[in-house]
2 protein chains.
Amino acid sequence: MVESSDPALPELAAALAPHTGTAQVIGLTGSPGVGKSTTTTELVRSLRAQRKRVGVLAVDPSSPFTGGAILGDRVRMQDHATDPGVYIRSMSSRGQLGGLAAATPQAVRVLEGAGCEVILVETVGVGQAEVEIASLADTTVVVLAPGLGDAIQAAKAGILEVGDLFVVNKADRAGADATYHDIQGMIGLADRAAGQWRPKVVRAIASRGEGIDEILAAIDQHHDWLVRHDELRRRREARAAAEIEAIVLAALRERLPAAVADQLPAVIAGTHDPYAAAAAILAELGLTTHMS
Amino acid sequence: MVESSDPALPELAAALAPHTGTAQVIGLTGSPGVGKSTTTTELVRSLRAQRKRVGVLAVDPSSPFTGGAILGDRVRMQDHATDPGVYIRSMSSRGQLGGLAAATPQAVRVLEGAGCEVILVETVGVGQAEVEIASLADTTVVVLAPGLGDAIQAAKAGILEVGDLFVVNKADRAGADATYHDIQGMIGLADRAAGQWRPKVVRAIASRGEGIDEILAAIDQHHDWLVRHDELRRRREARAAAEIEAIVLAALRERLPAAVADQLPAVIAGTHDPYAAAAAILAELGLTTHMS
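Criteria and cut-off values
Residues numbered from 1 in each chain as written. Chains lettered and ligands numbered in written order. Predicted model: local features only at pLDDT ≥ 70, side-chain atom pairs only at ≥ 80, totals over all residues. Heavy atoms only, no water. Core = buried A, V, L, I, M, F, W, Y, C linked by side-chain atoms within 4.5 Å. Buried < 20%, exposed > 50% of the residue type's maximum accessible area, 1.4 Å probe, protein only. Domains from an automatic or database assignment. Contact = heavy atoms within 4.5 Å. Helix = DSSP H or I, 4+ residues; strand = E, 2+ residues; numbered from the N terminus. Salt bridge = Lys/Arg side-chain N within 4 Å of Asp/Glu carboxyl O. pLDDT = per-residue confidence, 0-100.

1. Regarding the nonpolar core
Membership of the largest hydrophobic core comes to 70 residues, with the highest contact counts inside it found for Ile244(A) and Ile244(B). Here this core gathers at least three residues from each of two domains, domain 1 (9-229) and domain 2 (232-292) of chain B. Beyond its immediate chain neighbours, meaning those up to four positions away, Ile244(B) contacts Val260(A), Gln263(A), Leu264(A), Val267(A), Pro274(A), Ala277(A), Ala278(A) and Ile281(A).

2. Let's talk about unusual backbone geometry
Residues and elements named next belong to chain B. Residues other than glycine seldom take positive phi values, yet Arg-51 does so here, at roughly 65°. Looking at the element boundaries, Arg-51 is found in the loop between helix 2 (36-49) and strand 2 (54-60). You can call Arg-51 exposed: its relative accessible area is 70%.

3. Points about the pattern of salt bridges
Enumeration over the complete set of coordinates arrives at 24 salt bridges over all chains. Of the charged contacts, one joins Arg235(B) and Asp164(B) as a salt bridge, the two residues approaching to 3.0 Å between their closest N and O atoms. You can see Arg235(B) sitting in helix 9 (residues 231-269) and its partner Asp164(B) sitting in the loop between helix 6 (159-162) and strand 6 (165-168), a full 71 residues away along the chain. Here Arg235(B) and Asp164(B) have matching classes, each one buried. In the salt-bridge network here, residues are joined through shared partners; they are Asp138(A), Arg236(A) and Arg239(A).

4. A look at the confidence of the model for chain A
Residue and element names in this part refer to chain A. Looking at chain A as a whole, its pLDDT mean stands at 81, while 80% of the residues score no less than 70. Looking at the elements of chain A, mean pLDDT is at its lowest for helix 5 (residues 151-156), recorded as 52, and at its highest for helix 8 (residues 212-228), recorded as 97. Here residues 63-73 scores under 50 on pLDDT; set against residues more than four positions off or in separate chains, the count is 30 contacts.

Now the structure itself:
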């Protein structure tokens, strides 16, 4: 129902509301090829050894035109396919009312309502998708790998700003030490107010299960810090606000194409500019802004 | 003025409107480290040899929190820094009224107004940013490199759907042939309606200037196809529509935080769900949707 924006979704959301807000939500992001899926699979294995009920949402922020998440790299997750304590779902953000920003938190609520204690949200990330994951998760884990672009590229992609924890995966490969020290150096140089969380860096070889317990320990450390600093409440408020905003904007976006089509010929002809067209549409909606 | 969302921007936009719509807009995207900047620099060199006036917008869709595009990889572009026929600008989409979707087309208009005949828009792309580039450009060039994630990862990131032209850069490296054939294979398998453009694949070693003329030839071929099929007009209409929509939504987004804050306590407490909160906000704006 969440994925298809079922008309009964508001009803579902209302019924779920009292049963949510308790699960620990962990975001995993990173460039294609760094080993996110493998890391997720191994995290699930460790969490299951602790007897925790686990939900996994693999969110594909792309494929907006034809949709359809490619599940090739989900194969490893088949390890957990018959475990009733694990729920795994690939989601494409295509066609969601509110996109990734609205559908993912809603899916998280469903998993919470179903009794998942830990929810892993995995997404390919550069730019916007990462930011959305960071606003969704209690703890955001950025997975890196040596040789997949330099640290400067990492910074460029904004990951330094979203990560609470960095995992240098494939730590047995050439260049892993350089990646580790680059990230440590960048964390050292970053502006941070006193009392702010200083991101941790952990080495791992997820394909062999190495470093997984260290990742979970660092996640727990961050979670404790969030609770102690009342930051968990603040993050969850921000998450709810982003979700509401996304739903509102999606509803507005639905009504726009017709209004925009009316303005288009004049803009194409160059007799009208896009700002004037936008102002006309806002006036039609009964709204004025500082632009008009 | 465009970058700082100057209050006089609508006025600027109105003055520019009659002088726009003539430049060829080429988007370049791809994962970090594939050699986008080098490719752009060499394309500029070839276009200058043809005596064309060129504008380059290097758009950084990330760094939404602290902003500031990192210019490390722009160093090569210094080759063109003293050429009055080339204008180069790095833009961060942070804080734009309407984000990348509104600011970039507006910047394109400025460069068109200034007489640029070809405008290259370069962006790090996975997901949303790429889609926006695809909707902005006449021709979208996706740059790939061997060893930076498999072809299946490329498909996952949605690039197959946005690219009119694929460049396998670093074609002298191990795995380049495999990348070339993977992409060719995926293009062969993709659903395409009769008469639709079949994306080209070109090999290049941009750092040595090899393959650059082939890229430009393929871009021209695509441009001719667009004109012949009346697709150029359709793409530009879609671009203007997306721009107007982005401005409208940005203006609406400005007014949302206060309304959302009112709804937040009940949602956090679990007595209200996000959809109900969104419906209440829409009602307050005087709008109703199928949700309410």
